[in-house]
Amino acid sequence: MHQAKLDLGFFNLVAGRRLPTDNRMMVIDPSTGLELATAPDIDRSGLDAAAAAARTAFPEWSMLTWADRRARIAEVIAVLRDHVPELSALLVLEGGRSPAIAEWEVRWVTDLFAPLLLEQRLSEQEWHQEGMGRVIQRHVPRGVVGAISPWNLPFMLSFVKALPALLVGNTVVLKPSPYTPLTVLRAADRISAALPAGVLNVISGGDELGPWMTSHPDLEQISFTGSTQTGRRVLGAAAATLKHVTLELGGNDPGIVLPGTDPLPIVERLFQSMFMLSGQTCIGLKRLYVHEADYDALTRALVAHARTQHVGAAFDPSAALGPIQNLPQLLRLEAAWAEIQRSGARVLYRGDNPRDSRGLFFPITLLDDPPSDAPYVREEHFGPLRSVMKYRTLEEAFLKANDSAYGLGASVWGQDPLFLDTAARQLEAGTVWINQHMLTHPSVPFGGHKDSGIGVMYGIEGLRDLCDLRVIAARY
Ligand code: NAD
């Protein structure tokens, strides 16, 4: 079975209306390799219109009370919630994920993130400062936020940017990835009546659109999630107009299993942390370090579990892992695999691809104790290609785990809470998990160290990241 081309229209949302474009881009279903739909390919004048609409809407939106904005956003969320089945179905097709994971992604926003966001509030602080008088410190919205999201969690990573930016009083121009624009465009179409015109603009376009946004004079901030390589370009482009940037970038997360840890209770969680979404997660566990005495038992259990997991089309109920979302990403993985083979690295396990399919598949692949400094261990693999490595001493494990340009997430696994707490403090990352990996929560700030990012999202810190600080100092 494969999905025919979708009989649906997808439109930009600009100034509260559908904005027609002269050109359209093809969107592929990665499970079949076939065309799924077309999406608008906006031109520069379309971006100018979106930015102007957001700028025009800003004064009134930012002057609303927090409660009024909150009420409007609650309406948006109610509409999104009414359309969970439709949005999830689109995500299955364009994202190449199972119906269960697609629904989880949409509901993560509508049922977990949004309700907790609506409980948050930035409050003023006030005190008497000797020599200065009455001091009031407030966080004020900046203006227009340009939100740029990647293809791996297109719905989640678009709305976790847009909704907090709107709540604090900014207006938004949101751009989904050209590989996965459909769910976000559909959602925008559905919620357009719930917000004043121009407050949220959603636009889809090709490779030039991101650079146009990051250099656009009407945008005050760029909230970007994507690769470190693109993040550097965003930061460079933002300099000319001195934009604020929030950069949520790539990762090559290590996990350390402490000596003497029983593998059986953790092996399924380890596998999920490594291979969820076919390994296309920024905070996936990508380098696993295991004590040499435990290595054979743990890898045996991991491989035994891997053998029960199959790669297949998103709509195939027997598939635990779906396709790679787009062809350039698949080609990157295949190039890495060719290099690994040339290097003579040992392989613990390499699964199968579905037969007779034109879908974009890469098999589950586990490398057997490759050198920690091999280029293919040091770089981020955004797909089901992972390394398990031996260590002799914990000191060596921490050194190797921290010897990375990235610092997004990390984890330690074991049984003794004291030992685990001490070990967790040795790891250089924005989030360090204990006996888990890849969990984020709307109330808990999240951001990367080193080349994994600048700034944070989620929680009160995430709201502050979208604001300027204003101080009023009064002497009466
Ligand atoms: P990408 O950097 O190729 O693209 C991300 C977005 O940026 C897309 O919308 C793209 O169109 C746009 N873009 C491309 N070039 C641009 C430019 N010069 N200026 C502005 N925008 C531009 O990333 P991707 O392949 O879509 O996503 C995978 C990467 O994202 C991985 O490295 C992954 O680790 C990272 N990621 C990070 C997080 C996080 O929270 N830290 C979350 C998810 C994904």
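The structure this text deals with has already been given above.
Just so you know, these numbers come straight off a predicted model, no measurement behind them.

Draft legend 1. Representation of the overall build of the protein. Per the secondary structure count, the protein includes 15 helices and 22 strands. Over its C-alpha trace the protein gives a radius of gyration of 23 Å, about what one expects of a compact globule, namely 23 Å for 476 residues. Summarising its shape, the C-alpha atoms of the protein cover approximately 70 × 65 × 40 Å along the three principal directions. Taking all 476 residues of the protein together, 56% fall into the buried category. Pairs at least 24 apart in sequence give 74% of the contacts found in the protein among residues at least 6 apart. Counting only carbon and sulfur atoms, one obtains 52% of the accessible surface of the protein, whose full area is about 19800 Å². Each charge sign in the protein was given a centre, from 44 positive and 52 negative side chains, and these centres are 2 Å apart.

Draft legend 2. Highlighting the nonpolar core. If you look at the biggest cluster of nonpolar residues, it comprises 70 residues, and the most contacted ones within it are F155, F159, L163 and L200. Looking at which element gives the most residues to this core, the answer is helix 5 (residues 154–167), with 10 residues. By size, the runner-up hydrophobic cluster in this structure holds 29 residues, among which are L367, A374, V412 and A424.

Draft legend 3. View of the site of the ligand. The local shell around the ligand holds 28 residues, among which S149, K175, T230, L249 and E380 are the closest. A distance of 2.8 Å is found between an oxygen atom of the ligand and a side-chain nitrogen or oxygen belonging to W151. Between the ligand and the protein, one listed contact pairs an oxygen atom with a backbone N or O atom of G226 at 3.3 Å. Alone, the ligand offers 850 Å² of accessible surface; in the complex the protein occludes 89% of this. Among the secondary structure elements, those contributing two or more residues to the shell around the ligand are helix 7 (209–214), strand 10 (221–225) and helix 8 (228–239).

Draft legend 4. Region of interest: the packing of aromatic side chains. Enumeration according to the criterion identifies seven aromatic pairs in this entry. Judged by centre distance (6.0 Å) and plane angle (20°), the ring pair of W108 and F113 falls under stacked. Ring-pair connections join several aromatic residues into one group, and the members of that group are W108, F113, F446 and Y458. Here R350 stacks its cationic end above the ring of W337, 3.9 Å away from the centre of that ring. One residue, K390, lies across the ring of Y295, its end atom 5.0 Å from the ring centre.

Draft legend 5. Spotlight on the pairing of strand 4 (residues 34–41). In terms of strand pairing, strand 3 (residues 23–29) meets strand 4 through seven bridges, oriented antiparallel. Following the sheet pairing, D29 is matched in strand 4 by L34. Linking strand 3 back to strand 4 in an antiparallel pair, the connection comprises four residues, with G33 at a positive phi of about 75°.

Calculation notes
- Residues numbered from 1 in each chain as written.
- Predicted model: local features only at pLDDT ≥ 70, side-chain atom pairs only at ≥ 80, totals over all residues.
- Heavy atoms only, no water.
- Helix = DSSP H or I, 4+ residues; strand = E, 2+ residues; numbered from the N terminus.
- Rg over C-alpha atoms; globule rule 2.2 N^0.38 Å.
- Buried < 20%, exposed > 50% of the residue type's maximum accessible area, 1.4 Å probe, protein only.
- Contact = heavy atoms within 4.5 Å.
- Areas by Shrake-Rupley, 256 points an atom, 1.4 Å probe, with all protein chains shown as cover.
- Lys, Arg positive; Asp, Glu negative; His and termini not counted.
- Charge placed at Lys NZ, Arg CZ, Asp CG, Glu CD.
- Core = buried A, V, L, I, M, F, W, Y, C linked by side-chain atoms within 4.5 Å.
- Near = heavy atom within 4 Å.
- Polar contact = N/O pair within 3.5 Å; in protein donor to acceptor, adjacent residues only side chain to side chain.
- Phe/Tyr/Trp six-rings, centres within 6.5 Å; stacked < 30°, edge-to-face > 60°.
- Lys NZ or Arg CZ within 6 Å of the ring centre and 35° of its normal.
- Pairing = 2+ DSSP bridges.

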